[in-house]
Amino acid sequence: MARTLKERYKQPKAKIELHGKVDPELVGRPLGFDEAETLNEADKFQKSIQILNKLLKIHPTNSKSLALKADNLWNLYKNKESIIECKKAIKFDPRNPDAWHILALNYEDLEDYTQAISAIKKFVKIKNNAHGYYHLGVFYDKKGDVRKARKFFDIGLKKDPDYVDLVIAKAEFLSKNNQKKNAIKFIDQYLSRAKPAEKIY
């Protein structure tokens, strides 16, 4: 398992064309990338890096490979090296969401929440999903900005009210800010509508 929550953006590997159009998620995936990605998902980070290093010798400007290498390095707690690879990936593709995402997590590890917020905002501009707002809420909370933390937790929950990690983060946030009754009520509301497989036990 990876060391913290991360959203994957995997698409079916079989076809690059979807309804007659090129699927942008599959463009730029060099031969061998899928194997490196599979190793990453199996927590075999060093082996994934070895494959990616070979790919990057052939395709040194491939943003997807650079971002995946950054992901592996982040999982190995090599934050400074990971940041370097993130910045390379962003240089070659400023709209690579994975690169911005991993960059934000690196800065979170280094407790540089200003930089983490800046990076995850770029991710949100590209993806605009609950996962990005979850991180914004967490980063602002760690920075001590209660108002903005609440704001982004609420935006994320509007986008996906059943996103379990966001539900837990909001409940913990309420409890920490002397709102234990509201935290319990909030969790009870979630449990009343959650499917059995989604429930928090």
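Each residue is numbered by its place in its chain's sequence as written, counting from 1. Confidence filtering applies because this is a predicted model: local features only for residues at pLDDT of at least 70, side-chain atom pairs given and counted only at 80 or more, and all residues used for totals across whole chains, interfaces and linings. Derived side-chain values reflect all non-hydrogen atoms in the structure, with water molecules and hydrogen atoms excluded from consideration.

1. Section: the pattern of salt bridges
The test is simple: By definition here, a salt bridge exists when the distance from a side-chain nitrogen of Lys or Arg to a carboxyl oxygen of Asp or Glu is within 4 Å. Secondary structure counts use DSSP, requiring at least four H or I residues in a row for a helix and at least two E residues in a row for a strand, with both numbered from the N terminus. For every residue, the accessible area obtained with a 1.4 Å probe (protein chains only) is divided by the maximum for its type, and the residue is called buried under 20%, exposed over 50%, and partly exposed between those limits.
Within the structure shown, the criterion is met by four salt bridges. Between Glu85 and Lys88 there is a salt bridge, with the nearest N and O atoms lying 3.4 Å from each other. Note that Glu85 and Lys88 are positioned in helix α4 (residues 79–92) at a spacing of three residues, about one turn of the helix. Given a relative accessible area of 7%, Glu85 falls into the buried group. Residue Lys88 is classed as partly exposed on the basis of its relative accessible area of 37%. Residue Asp141 pairs with Lys176 through a salt bridge whose shortest N-O separation is 2.8 Å. One end of the pair, Asp141, is in helix α7 (residues 130–143); the other, Lys176, is in helix α9 (residues 164–176), and 35 residues separate them in sequence. By relative accessible area, which is 19% here, Asp141 ends up buried. Take Lys176: its relative accessible area is 52%, and that puts it in the exposed class.

2. Quick look at the environment of Asp34
Looking at the secondary structure, you find Asp34 in helix α1 (residues 33–41). Spatially, the C-alpha atom of Asp34 lies 9.9 Å from that of Ser48, the residues being 14 residues apart in sequence.

3. Points about the packing of aromatic side chains
Note the cut-off: Stacked, edge-to-face and tilted are the three classes for Phe, Tyr and Trp ring pairs, Trp counted by its six-membered ring, which pair at centre distances within 6.5 Å; planes under 30 degrees apart are stacked, over 60 edge-to-face, the rest tilted.
For the coordinates displayed, the defined rule picks out four aromatic pairs. Relative to Phe152, the ring of Tyr133 lies with its centre 6.1 Å away and its plane at 20°, an arrangement referred to as stacked. Of this pair, Tyr133 sits in helix α7 while Phe152 is found in helix α8 (residues 146–159), placing the two residues 19 residues apart along the sequence. Judged on exposure class, the residue Tyr133 and its partner Phe152 are both buried.

4. Describing unusual backbone geometry
Most peptide bonds are trans, and most residues other than glycine sit at a negative phi. Residue Asp43 is not a glycine yet carries a positive backbone phi of 65°. As for its placement among the helices and strands, Asp43 is situated in the loop between α1 and α2 (45–58). Phi is positive for Tyr77, which is not a glycine, with a value near 65°. Relative to the elements of secondary structure, Tyr77 occurs in the loop between α3 (63–75) and α4.

5. Observations regarding the nonpolar core
Inclusion rule: Joining through side-chain atoms within 4.5 Å is the link that ties buried Ala, Val, Leu, Ile, Met, Phe, Trp, Tyr and Cys residues into a set, and such a set is a nonpolar core. It only takes one pair of heavy atoms within 4.5 Å for two residues to be counted as in contact.
Among the nonpolar cores identified, the biggest contains 43 residues, and Leu103, Leu136, Phe139, Phe153 and Leu166 are the most heavily contacted of them. Ignoring any residue separated from it by four or fewer positions in sequence, one finds Leu136 in contact with Ile117, Ile120, Lys121, Val124 and Phe152. One finds Phe33, Leu39, Ile51 and Leu68 within the second-largest nonpolar core, a separate group that totals seven residues.

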